[in-house]
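Letter by letter, the chains look like this.
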Amino acid sequence: MGFRARKSFKIAPGIRMTVTPKSIGVSAGVKGARISANSSGRVTRTVGIPGTGIYHTETLSSGHTRRRRQPGAAAKRGSNPKPGAAPQAVPVPKAPTPGLFAPKWEKELHKAILGKPDYASLARIGADHPPARPLASLLEATLVSLPADDTQRGLELLTWLFGIGYDPATDDFIRKYLPDASFTLPIADGITVQLPPDRNLIGLLLAELYQETGDIPAAVDVVEQLEPSTVTAVSLAELYTQQERWNDVVDLTEGLTNEDEAVTFLLTQRGIAFREQGYFEAARASFKEALRIRSRPADLRHRTLIERGLTYLREGKRSMARKDFEKVLAENSAYPGLREHLADLQD
């Protein structure tokens, strides 16, 4: 799986803050009109027609020093807007900052991620200030190690965090400065979720790293300790399938209806488990439910069609298998393994 260094935080209704390795930005407004600014000083205004893809972006400030306008000039212009002018942007509230008597580690950590971003200093802050070490370690893992594909360092940090039972959801720093933080995490093929900083996030990140290194039993052990949810079920279903624990996959996916993308994935795994046990009719019933919602992402639908086609092949129903494979071919001729499956039909 791949990890993203970009993080987006909701700090107020209609206002989001985005953090990247190079800058930090804030955007505010409503559909059709937004104002965006980043730490380099660049300010842009985007005006468009929602739902059409038509928009116009204007640079209000490039980040260079500009001559100060006369007091009252802006107010005068804004007091009588022209007909059809874009809606006024929502004022961005001032984000909280550490007070005069805040501990040194709090000030340094705030500066490193929200003041003047310096992610390289996170390891030092964690080493110098024990109270900051857990959060600094989590941020180092997600903002430095994983984007750089430093698996070893990521494993070291996340294993320690998981072992001490650290739960970011209870961290006062996060509650004060990052109350609506979320992280984007791919947990299975075609499934990407946004998670708040909590113990489940640490566990899923750690399990993904174990999975990358081929230590599937360790990954399973971690996820089985997490709070049960659809997200953890998706991760477990994929891991159980890799271990060919078909009965566990069936038990994990009992009683599902196709309500969202995660359940679509789980239903497909359920169909695979039934097929591998020789229960072809049950497998096809699961695949049918997975395909019932046609608006699911193409990757999920294609995976389900391929697996149902393989089930038809096991049953000797070659024409039905061809039909499913060619549905995928019509939409994505480069789907991994598709050409080989079609070639098998020629034998």
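This text goes with the structure placed above it.
Structure report, in brief.

Conventions and cut-offs
- Residues numbered from 1 in each chain as written.
- Predicted model: local features only at pLDDT ≥ 70, side-chain atom pairs only at ≥ 80, totals over all residues.
- Heavy atoms only, no water.
- Salt bridge = Lys/Arg side-chain N within 4 Å of Asp/Glu carboxyl O.
- Helix = DSSP H or I, 4+ residues; strand = E, 2+ residues; numbered from the N terminus.
- Polar contact = N/O pair within 3.5 Å; in protein donor to acceptor, adjacent residues only side chain to side chain.
- Contact = heavy atoms within 4.5 Å.
- Core = buried A, V, L, I, M, F, W, Y, C linked by side-chain atoms within 4.5 Å.
- Buried < 20%, exposed > 50% of the residue type's maximum accessible area, 1.4 Å probe, protein only.
- Axes fitted to C-alpha atoms, helices over the stretch in contact; angles between N-to-C directions.
- Parallel < 35°, antiparallel > 145°, perpendicular 65-115°, else oblique.
- Left-handed = near helix turned anticlockwise from the far one by under 90°.
- Nonpolar A, V, L, I, M, F, W, Y, C, P; charged D, E, K, R; others polar.

1. Let's talk about the pattern of salt bridges
Evaluated as defined, the whole model comprises 20 salt bridges. Between glutamate 254 and arginine 270 there is a salt bridge, with its nearest N and O atoms 3.1 Å apart. You can see glutamate 254 sitting in the loop between helix 10 (246-252) and helix 11 (261-276) and its partner arginine 270 sitting in helix 11, a full 16 residues away along the chain. The structure contains a network of salt bridges with shared partners spanning Arg275, Glu276, Arg303, Glu307 and Arg314.

2. Notes on the side chain of glutamate 106
Relative to the helices and strands, glutamate 106 resides in helix 2 (residues 104-115). A distance of 2.5 Å separates the side chain of glutamate 106 from the side chain of tyrosine 177, its partner in a polar contact. For glutamate 106, the residues in contact, after removing those within four places along its chain, are Pro98, Phe173, Lys176 and Tyr177.

3. Observations concerning the nonpolar core
Looking at soluble globular proteins, one finds that nonpolar side chains tend to be buried together. In terms of nonpolar packing, the biggest core is built from 68 residues, with Leu109, Ile113, Leu158, Ile191 and Val234 touching the most fellow members. For this core, the leading source of residues is helix 7 (residues 199-212), giving eight residues. Setting aside chain neighbours within four positions, we find isoleucine 191 in contact with Leu185, Pro186, Val234, Glu261, Ala262, Phe265 and Leu300.

4. As for the packing of helix 11 against helix 13 (residues 298-315)
At a closest axis distance of 10 Å, the pairing of helix 11 and helix 13 adopts a crossing angle of 15°. Between helix 11 and helix 13, the interaxial angle falls into the category roughly parallel. When the axes of helix 11 and helix 13 are compared, the crossing they make is left-handed. For the pair helix 11 and helix 13, the contacting residues are Glu261, Thr264, Phe265, Thr268, Gln269, Ile272, Arg275 and Glu276 in the first and Leu300, Arg303, Thr304, Glu307, Leu310, Thr311 and Arg314 in the second. Partitioning the contact of helix 11 with helix 13 into residue classes produces four nonpolar, five polar and six charged.

5. Points about the side chain of threonine 264
By the secondary structure assignment, threonine 264 is in helix 11. Residue contacts for threonine 264: discarding those within four places in its chain leaves Asn258, Ala290, Arg296 and Leu300.

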